[in-house]
Amino acid sequence: MKFILKDGSVFETENAKNVYDVAFALSAGLAKNAYAAKVNDVLVDLSAPVNDGDKIQIITSRDEEGLAIYRHSCAHVLAQAVKQLYPSAQVAIGPVIDNGFYYDIDFEKAITQSDLADIEKKMEEIIKADIAIVRSEVTREEALAVMKERGEDYKIQLIEELPGGSIISLYTQGDYIDLCRGPHLPSTGKIKAFKLTAVTGAYWKGDEHNKMLTRIYGTAFEKKAELEEYLKKVEEAKGRDHNKLGRDLGIFMTSDVIGQGLPLLMPKGAKLFQILSRFVEDEEERRGYMRTKTPFMAKSDLYKISGHWDHYKDGMFVLGDEEKDDEVFALRPMTCPFQYTVYNNGLKSYRDLPCRYGETSTLFRNESSGEMHGLIRVRQFTISEGHLVCMPSQLEEEFKGCLDLAMYMLKITGLLDDVSFRFSRWDPNDKGKYIDDPKEWAYAESEMKRILDGIGIDYKEGIGEAAFYGPKLDIQIKNVHGKEDTLITIQIDMFLAERFDMSYVDENGNKARPYIIHRTSIGCYERTIALLIEKFAGAFPVWLSPTQVKVLSLTDRTAQNAKDVAEKMQRHGIRAEYDIRNEKLGYKIREAQLEKTPYIVIIGDKEAQEGTLSVRRRKTGDLGVMTYDEFIKRIDTEIEDKILD
């Protein structure tokens, strides 16, 4: 039998019945370390049959898919352990995620973090037993019979959602049977190092109207040293988690009586917001943007024109009852239709284009309560929203300008090295999510791809991730826990200009439809602040720090001098505070350090007499004595150059 290997070479062997036989013929060591394989580019178990001429790639831990297969098998071990310890528990779903896996389980009595040790012990027993993991393929009816016999209601529901005539794969390991696409490791003994990390709640299928299940998170690595290094990083990440650090530093807070997803920015957080938004607005205006200020709500009529009422209503806060009220309003989920209305106020010529509108826009989206997380995902948020109305011939240049602005913002804030790019496209098999015009979608997507490829951006494609009105470039970023979110978007819109009857008079005096680009320059301010807290562990660069200098008095004799110096700095534009309390200097220094203040200035008797400052810098420590003018020149340079420290 002949097989084509990954490198294109041809390998011959006799009597190979399955993938494992091929792996063993290649190398006994390869067979021992194999997790699964790709046969003709399809992932399969090692037990999968092979045919003469098949293209075969053996999957080990070194392959991208290998670790996912390894972790998914560990998730099944978790489920088996739970069923042995809690026979009445019902297992739901257990997918692999970026840094491990989870399994959602319905317990009769909720478990806590302290119960994980017992589950881990049982998992170790299952792994030590080296139980074979065996795949079988059955009909939909046979799979239903198996899960009904075992009383697995969630599995039954998943099977019932599949069409009749489906062939379903089941995986059996000892006394446990799971519904799964696979592939899996050949046996449980292949798992070497794992750890259960957390217990949380999660709604079945992510729907808050469904039952709350218990979600057990875990991770697994091939080597214990890799696991220990990962767990160490997780602990370090906890120290950077904005949800804790942001509260400890007095940047934001939440209140149960106000509601989930509605954080309150405290004075330091409000100052951060102000610094960022002023910087963004000034930079946008330097690049030709015109500012608008539009209402927080509008009648449903506006959203019906834009299409949001049909495609986004479930994500909006609706004020009123359509069946009872003459007028129904909704809080705005985005600013597009408002700025389009501004554009339509007056006839536009080709000489007026492009029109670049920018607004610091507060928006409202009815996110499910299970999705709320600190400042990362909220129900009220503010973005640097903008819309560019341009001629078709200007589309590429304006798109590049939007990307250049976004990249500049990421560089200035220090987030550029942490982002990735996704070309978000529509899904023609799910047309209900989008304005259905395949010809327009094909054109817009081809134009965006041409632009992105011309720029040379390294991007991934996301089918089904487009906005309902057009494709977009999503700039993605991960928080300290590895959860990915969208930070900045640039979107091409080929539908809403017609819906709003937007036009311009072209060079020939004819009426023409413009193109529209939706974009943010720094994204959601709340999310950006969260990411900056985590990026810098709360120790913001000088230009971003809510408090840039803390002036401390050494004794009561120098209290007035310290106050005068701080107020002089304030008049100069430095965000300075003074601490003239009757406390020991060491205590005041430690407190300023815990607040992550970039500069500490100390005024003692000598400094007061000579008009000098004793200066300490957050990272480099004692800088010695300098004049007031020397210090101002130093800090002004850091602020002006936006030095990231």
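Throughout what follows, the structure given in this document is the object of discussion. Sequence order sets the numbering: in each chain, residues are counted from 1 along the sequence as written. Side-chain atom pairs in this predicted model are given and counted only at pLDDT of 80 or more, local residue features only at pLDDT of at least 70, and totals for whole chains, interfaces and linings cover all residues. Values reported for side chains reflect all heavy atoms of the structure, with hydrogen atoms and water molecules removed beforehand.

Our focus in this paragraph is a negative patch on the surface. Candidate patch residues must exceed 30% relative accessible area and have no salt bridge, after which like charges are joined if within 9 Å and Val, Leu, Ile, Met, Phe, Trp or Tyr side chains if within 5 Å. Per-residue and other accessible areas follow the Shrake-Rupley method at a 1.4 Å probe size, with only the shown protein chains counted as cover for residues. Here, a salt bridge means any side-chain nitrogen of Lys or Arg that lies within 4 Å of a carboxyl oxygen of Asp or Glu. When charges are counted, neither His nor the chain ends are considered; positive counts come from Lys and Arg and negative counts from Asp and Glu. Charge positions are represented by NZ for Lys, CZ for Arg, CG for Asp and CD for Glu. A contiguous patch of negative charge, built from D321, E323, D325 and D326, is present on the exposed surface. Secondary structure is summarised from DSSP: a helix means a run of H or I of at least four residues, a strand means a run of E of at least two, and numbering begins at the N terminus for each. Of note, E323 is situated in the loop between β18 (318-319) and β19 (329-331).

What follows is about unusual backbone geometry. Each neighbour pair has its own omega, and for G182 with P183 the value is -5 degrees, a cis peptide bond. Tracing the chain through its elements places P183 in the loop between β11 (176-179) and β12 (193-203). Of note, the bond from L353 into P354 is cis; its omega dihedral lies within 30 degrees of zero at 5 degrees. Relative to the helices and strands, P354 resides in the loop between α12 (336-343) and β20 (355-364). A positive phi angle is found at N40, which is not glycine, with a value near 55 degrees. Despite not being glycine, D130 shows a phi value in the positive range, around 50 degrees. As for its placement among the helices and strands, D130 is situated in the loop between α4 (116-128) and β9 (134-139). Given a relative accessible area of 43%, D130 falls into the partly exposed group. Exposure is judged per residue with a 1.4 Å probe applied to protein chains only, and the accessible area is read against the type maximum: over 50% gives exposed, under 20% gives buried, and values in between give partly exposed.

Now for the sheet that holds strand β4 (residues 42-44). Paired through backbone hydrogen bonds, the strands of a sheet run either parallel or antiparallel to each other. An order of β4-β3-β5 is seen for the 3 strands of this open sheet, with the pairing classed as antiparallel. Looking at the sheet topology across the chains shown, the edges are occupied by β4 and β5 (56-59). Each neighbouring strand pair of the sheet contributes to a mean axis angle of 25 degrees, computed without reference to strand direction. The rule for pairing is simple: two strands pair if DSSP sees at least two bridges between them. Of the pairings in the sheet, the one linking strand β3 (residues 36-39) to β4 comprises 3 bridges and is antiparallel in character. Each bridged residue has a counterpart across the sheet, and for K38 the counterpart in β4 is L43. Packed on one face of the sheet, helix α1 (residues 19-26) meets β3, β4 and β5 and runs near 85 degrees to β5. Helix α3 (residues 64-85) contacts β3, β4 and β5 of the sheet and is inclined by roughly 55 degrees relative to β5. Simply put, an axis is a line fit to the C-alpha atoms, just over the touching stretch for a helix, and the angle between two N-to-C directions goes from 0 to 180 degrees. The contact rule is simple, with two residues in contact once any of their heavy atoms fall within 4.5 Å.

Another aspect to go through is the sheet that holds strand β29 (residues 549-553). Across the sheet, 5 strands lie side by side as β30-β29-β31-β32-β33; this open sheet has mixed pairing. Both outer strands of the open sheet, β30 (576-579) and β33 (621-627), are each paired with one neighbouring strand and no more. On average, each strand axis in the sheet is tilted by 25 degrees relative to the strand beside it, whichever way the strands run. Sheet topology places β29 next to strand β31 (residues 599-603); 5 bridges connect them, and they run parallel. When the sheet's bridge partners are listed, S553 is paired in β31 with I603. Packed onto the sheet, helix α18 (residues 585-594) meets β29, β30, β31 and β32 (612-617) and runs at close to 170 degrees relative to β29. Taken strand by strand, helix α20 (residues 628-640) contacts β29, β31, β32 and β33, and its axis lies near 125 degrees from that of β33.

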